Amino acid sequence: MPLVLDIDHQQRPSLPDVFSSVRLTQSRGFWRRVLGFLGPGFLISVGYMDPGNWATDLAGGSRYGYTLLFVIMISNLMAILLQSLALKLGIASERDLAQACRETYSRPTAIFLWLFAEVAIGACDLAEVIGSAIALQLLFHIPLLIGVLITGTDVLLILLLQNRGFRYLEALVITLIGTIAVLFGIEIFLSRPEWLAIARNLVVPSAAIVTDPNMLYIAIGILGATVMPHNLYLHSSIVQTRDYKRTSEGKREAIRFANIDSATALMLALFVNAAILVLAAAVFHKGGHSEVAEIGDAYKLLTPMLGFSGASTMFALALLASGQNSTITGTLAGQVVMEGFIHLRLAPWLRRLITRSLAIIPTVIVTFLYGERGTTNLLILSQVILSMQLSFAVFPLVALTSDRKRMGEFANHVLLKYLSYAVASLIAGLNIWLLIQTFRGR
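Residues numbered from 1 in each chain as written. Predicted model: local features only at pLDDT ≥ 70, side-chain atom pairs only at ≥ 80, totals over all residues. Heavy atoms only, no water.

Some words on the overall build of the protein chain
Then, in step 1: Helices and strands together make up the secondary structure of the protein chain, namely 19 helices and two strands.
Then, in step 2: Burial statistics for the protein chain: of 442 residues in total, 58% are counted as buried.
Then, in step 3: Considering only contacts within the protein chain whose residues lie at least 6 apart along the sequence, 85% involve residues at least 24 apart.
Then, in step 4: Roughly 18000 Å² of accessible area belongs to the protein chain as shown, and the carbon and sulfur atoms make up 66% of that amount. (Helix = DSSP H or I, 4+ residues; strand = E, 2+ residues; numbered from the N terminus. Buried < 20%, exposed > 50% of the residue type's maximum accessible area, 1.4 Å probe, protein only. Contact = heavy atoms within 4.5 Å. Areas by Shrake-Rupley, 256 points an atom, 1.4 Å probe, with all protein chains shown as cover.)

Remarks on the side chain of Asn412
Then, in step 1: Note on placement: Asn412 falls in the loop between α18 (404-407) and α19 (414-439).
Then, in step 2: In this structure Asn412 comes out as buried when scored by relative accessible area, which is 6%.
Then, in step 3: There is a polar contact of 2.6 Å between the side chain of Asn412 and the side chain of Lys88.
Then, in step 4: A distance of 3.0 Å separates polar atoms of two side chains, one belonging to Asn412 and the other to Ser402.
Then, in step 5: For Asn412, the contacting residues outside a window of four places in its chain are Leu85, Lys88, Val398, Thr401, Ser402 and Lys417. (Polar contact = N/O pair within 3.5 Å; in protein donor to acceptor, adjacent residues only side chain to side chain.)

Side note on the packing of aromatic side chains
Then, in step 1: Applying the stated rule across the entire model yields nine aromatic pairs.
Then, in step 2: Pairing Phe112 with Phe116 gives two aromatic rings, centres 4.6 Å apart and planes at 45 degrees, and the pair type is tilted. Here Phe112 pairs with Phe116, and both are found in helix α6 (residues 107-140), just four residues apart, close to one helical turn.
Then, in step 3: For Phe112, a relative accessible area of 39% translates into the label partly exposed.
Then, in step 4: Note on Phe116: relative accessible area 25%, which makes it partly exposed.
Then, in step 5: For the pair Phe112 and Phe392, a centre-to-centre distance of 5.4 Å together with 75 degrees between the ring planes defines the contact as edge-to-face. In this pair, Phe112 is assigned in helix α6 and Phe392 in helix α17 (residues 348-401), connecting sequence segments 280 residues apart.
Then, in step 6: Under the relative-accessibility criterion, Phe392 is labelled partly exposed at 30%.
Then, in step 7: Among the aromatic residues, ring-to-ring pairing joins Phe30, Trp31, Phe37 and Phe257 into one connected group.
Then, in step 8: The cationic tip of Arg256 hangs over the ring face of Phe257; the distance from NZ or CZ to the ring centre is 4.8 Å.
Then, in step 9: The side chain of Lys417 reaches across the aromatic face of Tyr418, ending 6.0 Å from its centre. (Phe/Tyr/Trp six-rings, centres within 6.5 Å; stacked < 30°, edge-to-face > 60°. Lys NZ or Arg CZ within 6 Å of the ring centre and 35° of its normal.)

Structural notes on the layout of surface pockets
Then, in step 1: If you add up the space inside the second largest pocket, you get close to 280 Å³.
Then, in step 2: Lining the second largest pocket are Leu24, Thr25, Gln26, Arg28, Arg33, Asp243, Tyr244, Lys245, Thr247, Glu249, Gly250 and Glu253.
Then, in step 3: Partitioning the lining of the second largest pocket into residue classes produces two nonpolar, four polar and six charged. (1 Å grid on protein atoms, 1.4 Å probe; cavity = no way out; pocket = protein on both sides within 12 Å on 5 of 7 lines; lining within 4 Å. Points joined across faces, edges and corners; volume = space filled by probe spheres on them. Nonpolar A, V, L, I, M, F, W, Y, C, P; charged D, E, K, R; others polar.)

Let's talk about the packing of helix α13 (residues 229-238) against helix α16 (residues 311-342)
Then, in step 1: At their nearest, the axes of α13 and α16 sit 9 Å apart, and the two run at 80 degrees to each other. With respect to α16, the axis of α13 lies roughly perpendicular. Together, His230, Tyr233, Leu234 and Ser237 of α13 and Thr329, Leu332, Ala333, Val336, Val337 and Phe341 of α16 make up the contact between the two elements.
Then, in step 2: Residue composition of the contact of α13 with α16, grouped by class: seven nonpolar, three polar and no charged. (Axes fitted to C-alpha atoms, helices over the stretch in contact; angles between N-to-C directions. Parallel < 35°, antiparallel > 145°, perpendicular 65-115°, else oblique.)

Regarding the nonpolar core
Then, in step 1: Of all hydrophobic cores here, the largest spans 137 residues; its most connected members are Leu68, Phe184, Leu232, Tyr233, Phe315 and Phe341.
Then, in step 2: It is helix α14 (residues 248-285) that provides the largest number of residues to this core, a total of 20 residues.
Then, in step 3: Leave out the neighbours within four places in its chain, and Leu232 touches Leu82, Gln83, Ala86, Leu97, Val227, Ala393, Val394 and Leu397.
Then, in step 4: Residues Ala120, Ala123, Met228 and Leu386 belong to the second largest nonpolar core, which totals five residues. (Core = buried A, V, L, I, M, F, W, Y, C linked by side-chain atoms within 4.5 Å.)

Quick look at α6
Then, in step 1: Over its 34 residues, α6 runs 48 Å from end to end, which matches the ideal 50 Å to within 8%, given 1.5 Å per residue.
Then, in step 2: Looking one or two places after α6, you find His141, whose phi comes out positive at around 60 degrees. (Expected span 1.5 Å × (residues − 1).)

Let's talk about the side chain of Asn76
Then, in step 1: Among the structural elements, Asn76 can be located in helix α4 (residues 69-93).
Then, in step 2: What Asn76 contacts, discounting residues up to four positions off in sequence, is Leu266, Met267 and Leu270.

Considering the environment of Ala280
Then, in step 1: Its place among the elements puts Ala280 in helix α14.
Then, in step 2: On the basis of relative accessibility, which here comes to 1%, the residue Ala280 falls in the buried class.
Then, in step 3: Expressed as a C-alpha distance, the spacing of Ala280 and Gly61, which sit 219 residues apart in the sequence, is 4.7 Å.
Then, in step 4: Leaving out residues up to four positions away in the same chain, Ala280 has contacts with Asp57, Leu58, Gly61, Ser62 and His285.

Considerations on α4
Then, in step 1: In this model, α4 (25 residues) spans 36 Å end to end at C-alpha, consistent with the 36 Å of a helix rising 1.5 Å per residue.
Then, in step 2: In terms of residue burial, α4 counts as a mostly covered element, since 21 of its 25 residues are buried.
Then, in step 3: Count one or two residues on from α4 and you reach Glu94, which has phi positive near 60 degrees.

Digging into unusual backbone geometry
Then, in step 1: The residue Leu15 is not glycine, and still its phi comes out positive at about 40 degrees.
Then, in step 2: Residue placement: Leu15 occurs in the loop between β1 (5-7) and α1 (30-37).
Then, in step 3: Phi at Glu94 takes a positive value of approximately 60 degrees, unusual for a residue other than glycine.
Then, in step 4: As for its placement among the helices and strands, Glu94 is situated in the loop between α4 and α5 (97-104).

So far we have only geometry, and geometry alone does not tell us how the molecule works.
Shown next as structure tokens:
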């Protein structure tokens, strides 16, 4: 790839440096075939457990116990559906969502969608910067301002792994996800939650979710951040890294195995999100601390309330792993949308520098002026920005995957088409409601 940039007007595969680069086994064994496709779904699942989601889970658990677990479950099911559409678009049409939008819509519309996608990626990066900086402060007592600046150095690790191969990048992400899951698994075990209440609230909704305005507000906050917009662009691209046969039969098999990968990874993300809420319910709600909504407060209270000296440290380590994971996927998503929408290819280090600078600059200013409270408000703002952008990725995705001219035999059938539009409309409606309430100062 050129050092600075390259404007390419020819039709190119998505992420050409890694396109079809992951070799697949020729074995007919089912599980060996599945293993070859494991990876992209785990990169996507990172968006569902990033630092931006922690505050709503903490608030929901500390205030309302296990009640909002049902909302997390429904959110995850919607995510599985939409990510399934994204991977199907990438495999069946051999175009990622950004490329497909550019080829389908007018140039002004494509530019509009690109700008919104870039804003969403910047908002995600903002949450990752803040989350990582808070984790560094909690673990090593590094001032927030210095921690924010340190987060800019992660580009070196990303570039090193990209140069070694896409599988190395996936291996790092899976390792970090595993670390997060293990740490929360230990903390849940130590917190001794009510397992029957957890099982019941996962599958049975409570009427209080819609009758209690305050609970409804937090529930919509969880639902509103269900799908990270950049994940739809990214998933439709990275599923094409597999060297499957570009035939009707080969694509059908690839879609099947990619769906297994995606659903498995998102169920793990469900565990992590549910674990944060369960931990808050079992420790803070049960202990009478119903107002814990900030990461720093949770860190300070975990060790004394659990009676285990390493509880707070494990919590902060999980936060750091979450922030670094999200950084990797945000960088890749930035490449996908820029190359797909406007055919502009930047060297990875330059693309990363631009994205991270746009996140670091406002964070440094707010941290300097307002300290920890300011970064918490900035974290909330990043989630509001994501909510505003989401529908501009979801509706084109549903429309494109329902287009028989583009998708052929893989186009959404009627029931799937209407179900997808219903989910897209629900997410859009909830986000609009959430934005209205946010700007009213709720």
